[in-house]
Amino acid sequence: IDWWDHVGHAPKDPIMSVTEAFLSDTSPNKINLGVGAYRDDDGRPVVLQCVRDGEVKIAGTEFLESVSASVSSKLVEESVKLIYGKEADFIKEGRFAGVQALSGTGACRLFAEFQRRFYPQSRIYLPIPTWSNHHNIWRDAQVPGRTFHYYHPDSKGLHFAALMDDIKNAPDRSFFLLHPCAHNPTGVDPTEEQWREISNLFKVKNHFPFFDMAYQGFASGDLDKDAKAIRIFLEDGHLIGCAQSFAKNMGLYGHRVGCLSVLCVDAKQAVAIKSQLQHITRAMYSSPPVHGILLVSTILSDPHLKELWKKELKVMANRIHRMRSTLHESLKKLGSPLNWDHMTNQVGMFCFSGLSPDQVNRLVKEFHIYMTYDGRISMAGVTTSNVSYLANAIHEVTK
Ligand code: PLP
C-alpha cells in the first residue's frame, strides 16, 4: 500500500521561497534582501572574531554528561544577565526558571507548549504584523492566536493608540508577545515613554508579557539599551517570560543557541517551573547540542571575549545604520518625491519599506532584487557597492 499518497506539499515559507528564487537567478546584479542574516560590506557572511577566539578556547573539550549540565547552567546564568541586567534581584535570589533552548524559535516553541499545559484555555496575542513563524509556533502548540494593532501603514510607524486600545480590550490576564527591540518585520519600536505606558496598562490588566528577544544589540549597538523595554517591565514588578537567541547578535545561526527564562515569585516556584520546562524538552529532543552552548557561555563569561563581542556587535549595528542613511540619501538625490524618512527612523535588521507586492514584483523581474512581498528589506544585504543600484531600482518602481 501507498502510505503517503494523501500527503501534499506544505505551504512554502515566505522567506525560504525568496532565497530559492534568488539562488536560481543568474544575473550578476542580483541582490538578496530577503533573509535576515547579517552580511559585511562585501555581502559576505561574518564569523565574529570573538567566536573564532572562543572556538580556540574550547577546542578539545570533552563533552561528558556532567560537562553538559554545568555548561547549560552557565549559559542560562550569563544569558539572563544580558536581558534583565546583572544586578537584577530575580537573578540574585534565584527567582527565575531558565533553560537553554534551540535558538529563539525553540525558546518560543517551548514557552508555547508550557503555556498550553498550564493555561489550556489561554490565547496568545501577536502584533500585526509579526515574524510569520510566530503564528506557526503557537498554532502547532495548539494555542489559539489573536492579534493586536502595532504598525500604521500611513505613518510607517507605531499605531500607538490602537495598540493601547487592543491591550485594554483584551480579557484580563491575557498572554501577549512583544518584540523588545528591532521589531521584525517593521523595524518600528515603541519609545521609552510608550513602553512605560504599555507596562502600566499591562499591570492594570494583569496581562503576561512574553518578550521575544531575537536582536539584542542590533537596534542601538548596545545590549543594555536594547533591553530597556524589559527593564521597564521589570521595574514595574511584572513576571516576564523571555525567549533569547544568539543567532543574529553572535552570528551563530546554525548553532541554534538560545535561552528561555520565566520569572517567578520565589525560588521554590522557579525550581518547579524549570523542572516542567525540562520535562517538555525531555520528550521532544532531550537537550540541545552542547557545542554552541559551550561556545556562547565561554564568550559571555570571559571578560576579554565579551568586550570583543560588544565591539563587534557595534560594528554590525553601525554598518546597518550607515546603509539606512545612504539609501535614504540616495533616494532623495534621485529626486524621489516620496517621503523615505521611515528608512532611518526604523531600527534593526529590517526596513519595512512600504513597497507594494506589485512594486516588489517589478524589483524582482526588472532588477533582480529579492525581498519578501510585504516590502521588508533586510538592510544587512545592502552594501556600499549595491546601494545606488538599489536606490535607483526603488526609485524606478515607485515613480
Ligand atoms: N524571533 C524573531 C522575531 C525573529 O526574527 C527570529 C528570526 O528571524 C527568531 C525569533 C528566531 O530565530 P532563531 O530561531 O534563528 O534564533
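Owing to the predicted nature of the structure, the values given are computational and were not obtained by experimental measurement.

Within the chain, the regular secondary structure consists of 16 helices and 13 strands. The C-alpha atoms of the chain give 21 Å as radius of gyration, which agrees with the globular expectation for 399 residues (21 Å, within 12%). For the chain, the spread of C-alpha atoms along the principal axes amounts to about 65 × 60 × 55 Å. Out of the 399 residues in the chain, the part that is buried amounts to 44%. Across the chain, every contact between residues at least 6 apart in sequence was considered, and the portion connecting residues at least 24 apart equals 76%.

Turning our attention to the site of the ligand. For the ligand, the set of nearby residues contains 13 residues, the closest of which are Ser103, Gly104, Thr105, Ala214 and Ser245. Ranked by residues supplied to the shell around the ligand, first place goes to helix 5 (residues 103–118) with 3 residues.

Mapped onto the fold, phenylalanine 367 is located in helix 15 (residues 357–367). Taking C-alpha positions, phenylalanine 367 is 9.7 Å from asparagine 392, a pair spaced 25 residues apart along the chain.

Read from one edge to the other, the open sheet built from 7 strands follows the order 2-10-9-8-7-3-4, with strand pairing classed as mixed. Here the strands that pair on one side only, and so sit at the sheet edges, are strand 2 (96–102) and strand 4 (145–149). Ignoring strand direction, the axes of neighbouring strands in this sheet form an average angle of 25°. As defined by bridge partners, strand 3 (residues 124–128) adjoins strand 4 across 5 bridges and the pair is classed as parallel. What sits directly across from tyrosine 125, in strand 4, is arginine 146.

Moving on, we get to helix 12 (residues 290–301). Under the 1.5 Å per step criterion, the end-to-end length of helix 12 is 16 Å for 12 residues, consistent within 8% with the ideal 16 Å. Along helix 12, 10 of the 12 residues are buried, which leaves the element largely enclosed by surrounding structure. Every buried residue of helix 12 is listed here: Val290, Gly292, Ile293, Leu294, Leu295, Val296, Ser297, Thr298, Ile299 and Leu300.

Burial runs high along strand 8 (residues 208–213): 6 of the 6 residues are buried. Where burial is concerned, the two faces of strand 8 agree: the one with Phe208, Phe210 and Asp212 and the one with Pro209, Phe211 and Met213 are both buried. Sheet topology note: the strand 7 (residues 175–178)/strand 8 ladder contains 4 bridges and is parallel. By the bridge assignment, leucine 178 is partnered in strand 8 with phenylalanine 211. A crossover links strand 7 with its parallel partner strand 8, the connecting element being helix 8 (residues 192–205), and its sense is right-handed. The sheet contact formed by strand 8 and strand 9 (residues 241–245) spans 4 bridges and is parallel.

Packing of helix 5 against helix 6 (residues 132–140) brings their axes to within 9 Å, and their N-to-C directions diverge by 35°. Note on packing geometry: the crossing formed by helix 5 with helix 6 is right-handed. Across the interface between the two elements, Thr105, Cys108, Arg109 and Ala112 of helix 5 pack against Asn133, His134, Ile137 and Trp138 of helix 6. For the contact of helix 5 with helix 6, a count of residues per class yields 4 nonpolar, 3 polar and 1 charged.

Further remarks concern the confidence of the model for the chain. Taken as a whole, the chain shows an average pLDDT of 95; of its residues, 99% reach a score of 70 or greater. With pTM at 0.96, the complex prediction returns an ipTM value of 0.99.

Now for unusual backbone geometry. The residue after isoleucine 128, namely proline 129, is reached through a cis peptide bond having omega -5°. Looking at the element boundaries, proline 129 is found in the loop between strand 3 and helix 6. Following asparagine 184, the chain continues into proline 185 via a peptide bond in cis, with omega recorded as 15°. Following the sequence through the fold, proline 185 ends up in the loop between strand 7 and helix 8. Its identity is not glycine, yet glutamine 142 carries a phi of approximately 65°, on the positive side. Here glutamine 142 shows up in the loop between helix 6 and strand 4. Judged by C-beta crowding, with 11 C-beta atoms within 10 Å, glutamine 142 ranks as exposed. Of note, the phi angle at lysine 156 is positive, near 55°, even though the residue is not glycine.

The next thing to look at is the environment of leucine 260. Along the polypeptide, leucine 260 turns up in strand 10 (residues 257–263). Accessibility expressed as a C-beta count within 10 Å gives 27 for leucine 260, which makes it buried. Taking the C-alpha atoms as reference, leucine 260 lies 11 Å from phenylalanine 114; in sequence the two are 146 residues apart. Excluding anything up to four places from it in sequence, leucine 260 contacts Gly98, Val99, Ala101, Ala107, Leu110, Phe111, Ala243 and Leu277.

Glancing now at the nonpolar core. Phe111, Ile230, Leu260, Val296 and Met379 are the most contacted members of the largest nonpolar core, which totals 112 residues. In terms of residues, this core owes the most to one element, helix 13 (residues 303–333), which gives 8 residues.

Cut-offs and rules
Residues numbered from 1 in each chain as written. Predicted model: local features only at pLDDT ≥ 70, side-chain atom pairs only at ≥ 80, totals over all residues. Helix = DSSP H or I, 4+ residues; strand = E, 2+ residues; numbered from the N terminus. Rg over C-alpha atoms; globule rule 2.2 N^0.38 Å. Buried ≥ 20, exposed ≤ 12 C-beta atoms within 10 Å, placed from the backbone. Contact = placed C-beta atoms within 7 Å. Near = placed C-beta within 6 Å. Pairing = 2+ DSSP bridges. Axes fitted to C-alpha atoms, helices over the stretch in contact; angles between N-to-C directions. Expected span 1.5 Å × (residues − 1). Right-handed = clockwise from strand over helix to strand, strands pointing away. Left-handed = near helix turned anticlockwise from the far one by under 90°. Nonpolar A, V, L, I, M, F, W, Y, C, P; charged D, E, K, R; others polar. pLDDT = per-residue confidence, 0-100. Core = buried A, V, L, I, M, F, W, Y, C linked by C-beta atoms within 7 Å.

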